[in-house]
Every structure is written in structure tokens, then in C-alpha cells.
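Structure assessment
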Amino acid sequence: MDYKSLNLIGSSSPHIRTRDGAGHIMGEVLIAMVLPLAFAVYNFGPRALSVTAVSLAGCCGFEWLYRALLKKSNTLGDLSAAVTGVLIAFVCPVTIPYWILLIGDFFAIVVVKQLFGGVGKNFLNPALAARAFMLSWAGEMTTWVGPRANVPAWGAFDAATYPTPMSLLHEGDLTGLQQMYDLPKMFVGLIGGSLGEVSALLLILGGLFLLWRKVITWYIPVGFIGTVALLTFLFSRGNDPVQWMLYNLLGGGLMLGAFFMATDYVTSPVSHLGQAIYGVGCGLITVFIRYFGSYNEGVCYAILVMNLTVWIIDKSIKPRRFGVAKSRKAPAPKASPEKKKEAVK
């Protein structure tokens, strides 16, 4: 063989090549969110679609504008901004004013993501950081409508506050919650709440799709959901343990957070053991906030707190390098007689 004619390229590891780039992976995440979005439109009306569209356009627009002003390459093709835009809409009430939504988009893309170097460099989940920031407008961020509200995309609408399952759970009122929402309604999503987190059924289906496509692994969702299930079953506040556990699992943003938020590549650990620890930590903090916090939901802040621990988890739990076997510590070499004499002197 004539090796001189070969077109060899020298490069550093890793040497694996795949077509599944960031754009492909983010595209599958968007596909997984189509059914929850469709149900949100059915449950809350056309404003659910317009809120999502405005948020998506806002995130993409701010990313394009920021990188254009700084004369950097266009990164809209990786679809990370689009995913962030949809997720921000999903964690907001359908009645959220558009101007607050755009402020959240700006904070997520420019402050949390781009100012730290762009995609892959942010240490917080941009969508959840934006939601936490948008709670500066607490009234608008906690105004809920009931199921099948049919809120118009534009114009006036009745924004009367409607009790969500989490508000009743926070009060320990399981009986009142059962009278308002039975478990089948909770599972399907015919309840009040944030735009894209109400249907546990469709969020689970979206999560299973991501698992099937190997976009995410099972360690974080199982650790997260399993910890919440165990703690709420063991500490049921005097209620029926099974009923209390199921209402805690199906209410709030647990399914959205476990499958779509906590599994973010950039802000979650690398190793499988680290991911399991991270998921358990998210579950512990979620239940702690739900039980003892003044705010009735803990998923957002639990994930943000655990985002801040990822560096120490990755530093403490390092996977074994490929091709390197664990070996015993080599014994210290014996000193020669000459060196011993020098040491004595």
C-alpha cells in the first residue's frame, strides 16, 4: 500500500464522529415538546400558542442581535435559543404579559448565556434562571386561569386568580384538592398551572421519546422523581400516603423539570453516578421547599441550586479514563547508601 498518498489528518481526541450535533439534539427536544404545547393550546386557549411563539422569537432575536453586534458567528442553527424560548413559555402562566416575557428572554439569552461565553458555557439553566428573575413581577407570574379557559391571544380577558394543585398541596389540603381535581384530571392535565407543565401524561411521553432517542439518560429523571415519591410517601402530613405522593408527583413542574430542565447537558454532571446524585439532590430540595418554603413550588429553585453544585460533583466523581486500569500505589523507591549518608550529614 502506498501510505504517502493517504490523506491523513492529525487531531486530538476524541476521534468519534457523529451526525448528532447540537442542532439535531435540540431539534428532538423541540419535537418532544410539541404534544405538551398542543395540549396547552387545548387547555388554555390560543394565547398559549402566541405566548410560546413570542418567547421563541424573542430568544432567537436576542441571540442573533447580541452576536451580530459583537461580530460573532451566528449560532441560531444549534436551536438552543429556540428550546430556551419554548421552555420559558412553558414555565409561565398563560396570562403573562408579553413585555415581561421578552424581559425574561433577554435575561436568559444575554445575561445567563451569552455573557458567560454562549452555548456550553452557562452554569445555570437559562430558562429557569429567567423564570426566577421574572418572579420580580410576582403578581403577573402567579395569576392563574382554570382549565379550558380559552384565553384569547390578544385583547382583554378575565385574569381571575384560580387555585392550582400546588397551592392546595402547600396548605396540606388534600381533601380540598381531591374535590377540585381527581387523579385522572391531574394525570391528563385538566388543571390550572403554568402553560406547559400541566399534562404529566404528555410530558412523560416526551421524556420517554428523549430516552428512546438517547438524548437524555434515565439517571437524573429517576433520581429526581423517585426521591420526591419516596419522601412524600414517607412524610404524608397525616394524609393517605399513596394519594399524597401521587398528587405531589402529578402537580407542579416536576415532570417538566425532571425530563426537560434538569437533564440540560451544560448544567448537569457528566458521569452517571454524578447524574444520579444530582437527581436525588433536586428531589430533596424540591420537597424541602414545598414543605417548608413560603413559595408553594420548589422545582425551579431546586434545579438552580443543584446547577451550582455540578462543578464539585464533576470534580469529585471522575470517570475512569478509557484504556487506563486502576493500579495499586507504587512503593516508594529505596534510598541508596550514598543518599542516606548525605541525609545524616
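For the structure itself, look to the data block above.
Residues numbered from 1 in each chain as written. Predicted model: local features only at pLDDT ≥ 70, side-chain atom pairs only at ≥ 80, totals over all residues. Heavy atoms only, no water.

This part is about the packing of helix α12 (residues 219–234) against helix α13 (residues 241–250). Taken N-terminus to C-terminus, the directions of α12 and α13 make an angle of 145°; their axes are 8 Å apart at the nearest point. Where α12 crosses over α13, the two elements pack in a sense that is right-handed. Between α12, through I225, V228, A229, T232 and F233, and α13, the contact on the second element is made entirely by P241, V242, W244, M245, N248 and L249. Looking at the contact of α12 with α13, its residues break down into nine nonpolar, two polar and no charged. (Axes fitted to C-alpha atoms, helices over the stretch in contact; angles between N-to-C directions. Helix = DSSP H or I, 4+ residues; strand = E, 2+ residues; numbered from the N terminus. Left-handed = near helix turned anticlockwise from the far one by under 90°. Contact = heavy atoms within 4.5 Å. Nonpolar A, V, L, I, M, F, W, Y, C, P; charged D, E, K, R; others polar.)

By secondary structure assignment, the location of M255 is in helix α14 (residues 254–261). Taking the relative accessible area as the measure of exposure, M255 reaches 8% and is therefore buried. Residue contacts for M255: discarding those within four places in its chain leaves A200, L203, I204, I225, L249 and F260. (Buried < 20%, exposed > 50% of the residue type's maximum accessible area, 1.4 Å probe, protein only.)

Core analysis: the biggest nonpolar cluster contains 87 residues, and I88, M134, F224, F260, Y278 and I303 have the highest contact counts within it. Every residue in contact with M134, bar those within four places of it in the chain, is listed here: I88, C92, I96, I100, L101, G104 and M141. (Core = buried A, V, L, I, M, F, W, Y, C linked by side-chain atoms within 4.5 Å.)

Residue placement: E297 occurs in the loop between α15 (272–292) and α16 (299–307). A distance of 2.7 Å separates the side chain of E297 from the backbone nitrogen of G253, its partner in a polar contact. Residue contacts for E297: discarding those within four places in its chain leaves M166, G251, G252, G253, L254, T286, I289 and R290. (Polar contact = N/O pair within 3.5 Å; in protein donor to acceptor, adjacent residues only side chain to side chain.)

Here helix α3 (residues 47–69) spans 32 Å end to end across 23 residues, near enough to the 33 Å set by a 1.5 Å rise per residue. Within α3 the residues assigned to the buried category are R47, A48, S50, V51, T52, V54, S55, G58, C59, E63, Y66 and R67. Phi for K71, located one or two positions after α3, is positive at around 55°. (Expected span 1.5 Å × (residues − 1).)

Turning next to α13. An α-helical segment advances 3.6 residues per turn. Residues three or four places apart therefore align on the same side. Buried within α13 we find W244, M245, Y247, N248, L249 and L250. G252, located one to two residues past α13, shows a positive phi value of around 70°.

So, on to the environment of P46. One can find P46 in the loop between α2 (34–44) and α3. Judged by relative accessible area, P46 falls into the partly exposed class, the value being 39%. Note: C-alpha distance between P46 and A153 (107 residues apart in sequence) is 5.3 Å. Sequence-distant contacts of P46, that is, excluding residues within four places in its chain, are made with V41, N150, V151, P152 and A153.

Take the environment of F90 next. By the secondary structure assignment, F90 is in helix α4 (residues 80–90). For the pair F90 and M33, spaced 57 residues apart in sequence, the C-alpha separation works out to 9.4 Å. Discounting chain neighbours no more than four positions away, the residues touching F90 are M33, P36, L37, S194, L195, G196, E197 and L256.

Our next topic: the packing of aromatic side chains. Tallied over the full model, the rule gives 13 aromatic pairs. Where W99 meets W137, the ring centres are 5.8 Å apart and the plane angle is 85°; that geometry is what we call edge-to-face. Residue W99 is located in helix α5 (residues 98–113), and its partner W137 is located in the loop between α6 (126–134) and α7 (138–141); the two are separated by 38 residues in the primary sequence. Between F107 and F133 the ring centres are 4.3 Å apart and the planes differ by 0°, which places this aromatic pair in the stacked class. A residue pair is termed long-range when its members are at least 10 positions apart, and F107 in helix α5 and F133 in helix α6 qualify at 26 residues. Given a relative accessible area of 31%, F133 falls into the partly exposed group. Among the aromatic residues, those joined into a cluster by ring pairs are W99, F107, F133 and W137. Over the ring of Y42 we find R148; its NZ or CZ atom is 4.0 Å from the centre of that ring. The ring of W212 carries the charged tip of R213 above its face, separated from the ring centre by 5.5 Å. (Phe/Tyr/Trp six-rings, centres within 6.5 Å; stacked < 30°, edge-to-face > 60°. Lys NZ or Arg CZ within 6 Å of the ring centre and 35° of its normal.)

One non-glycine residue, K71, lies in positive phi territory at about 55°. Checked against the element boundaries, K71 lands in the loop between α3 and α4. Backbone geometry places R148, a non-glycine residue, at a positive phi of 60°. Tracing the backbone through its elements, the reader meets R148 in the loop between α7 and α8 (165–170).

Attention now moves to the pattern of salt bridges. In the structure shown here, the tally under the stated rule is three salt bridges. Here R290 and E297 are joined by a salt bridge, their closest N and O atoms 2.8 Å apart. For the pair shown, R290 and E297 are each scored as buried. (Salt bridge = Lys/Arg side-chain N within 4 Å of Asp/Glu carboxyl O.)

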